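Residue-level structure breakdown
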Amino acid sequence: MFSVEPYFAERQTAGKWSPCRVIGVAGNTSDLSPKFVVEYVEDGYTCLAFEDFIKRRQPGNPL
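These figures come from a predicted structure and were not determined experimentally.

Definitions and limits used
- Residue numbers run consecutively from 1 along every chain, following the written order of its sequence.
- Under the rules for a predicted model, residues below a pLDDT of 70 receive no local features and side-chain atom pairs below 80 are neither given nor counted, while totals for whole chains, interfaces and linings still include all residues.
- Hydrogens are left out, water is left out, and the side-chain values use all remaining heavy atoms of the structure.
- For the purposes of this entry, the term helix denotes a DSSP run of H or I that reaches at least four residues, the term strand denotes a run of E that reaches at least two, and both are numbered from the N terminus.
- Summary of the burial criterion: residues with accessible area below 20% of their type's maximum are buried, those above 50% are exposed, and those between are partly exposed, where the area comes from a 1.4 Å probe applied to protein chains only.
- The contact criterion used throughout is that any non-hydrogen atoms of two residues lie within 4.5 Å.
- Any two strands with at least two DSSP bridges between them are considered paired.
- Stacked, tilted and edge-to-face are the three classes applied to pairs of Phe, Tyr and Trp rings, where Trp contributes its six-membered ring and a pair requires centres within 6.5 Å; stacked means planes under 30 degrees apart, edge-to-face means over 60, and tilted covers the rest.
- Whether a charge sits over a ring comes down to the Lys NZ or Arg CZ being within 6 Å of the ring centre and within 35 degrees of the ring normal.

This part is about the environment of Ser33. Relative to the elements of secondary structure, Ser33 occurs in the loop between strand S2 (16–26) and strand S3 (35–42). The exposure class of Ser33 is partly exposed, given its relative accessible area of 22%. For Ser33 and Asp52, which are 19 residues apart along the polypeptide, the C-alpha to C-alpha distance reads 8.4 Å.

Encoded structure:
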């Protein structure tokens with residue numbers, strides 16, 4: 001995993017976009033496609049996940 005400067009984005013879950021924070025990029029050796037490492041909050045718990053697609057929020061949004 002390569003860490004990046006964290007930024008806000010949105011990830012698609014169950015057909016809708018939900019907020020998350022991108023904290024890194026990880027490589028996958030089986031298909032050589034990068035995955036975004038995201039942090040999100042669900043039911044009061046902070047979770048980490050690998051996502052193929054994210055949508056970056058508008059420029060200028062502070063963390």
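Its location among the elements puts Gln12 in strand S1 (residues 2–13). A C-alpha to C-alpha distance of 7.8 Å links Gln12 and Phe53, two positions 41 residues apart in sequence.

Within the element layout of this structure, Val25 appears in strand S2. On the basis of relative accessible area, Val25 is assigned to the partly exposed category, the value being 25%. The sequence separation of Val25 and Phe50 amounts to 25 residues, and the corresponding C-alpha distance is 8.7 Å. Among all residues touching Val25, those that are not within four sequence positions of it are Met1, Phe2, Val4, Pro34, Lys35, Phe36 and Val37.

Across nine bridges, S1 lies against S2 in antiparallel orientation. Each bridged residue has a counterpart across the sheet, and for Arg11 the counterpart in S2 is Ser18. Once S1 ends, the chain turns through two residues before running back antiparallel as S2, passing Ala14 with a positive phi of about 55°.

Taken as a whole and judged by the stated rule, the model has zero aromatic pairs. The ring of Tyr40 has Arg11 lying over it, and the distance from NZ or CZ to the ring centre is 3.6 Å. Across from the ring centre of Tyr7, 4.0 Å away, lies the NZ or CZ of Arg56, which sits over that ring.

Taken by themselves, the reported measurements are silent on function.
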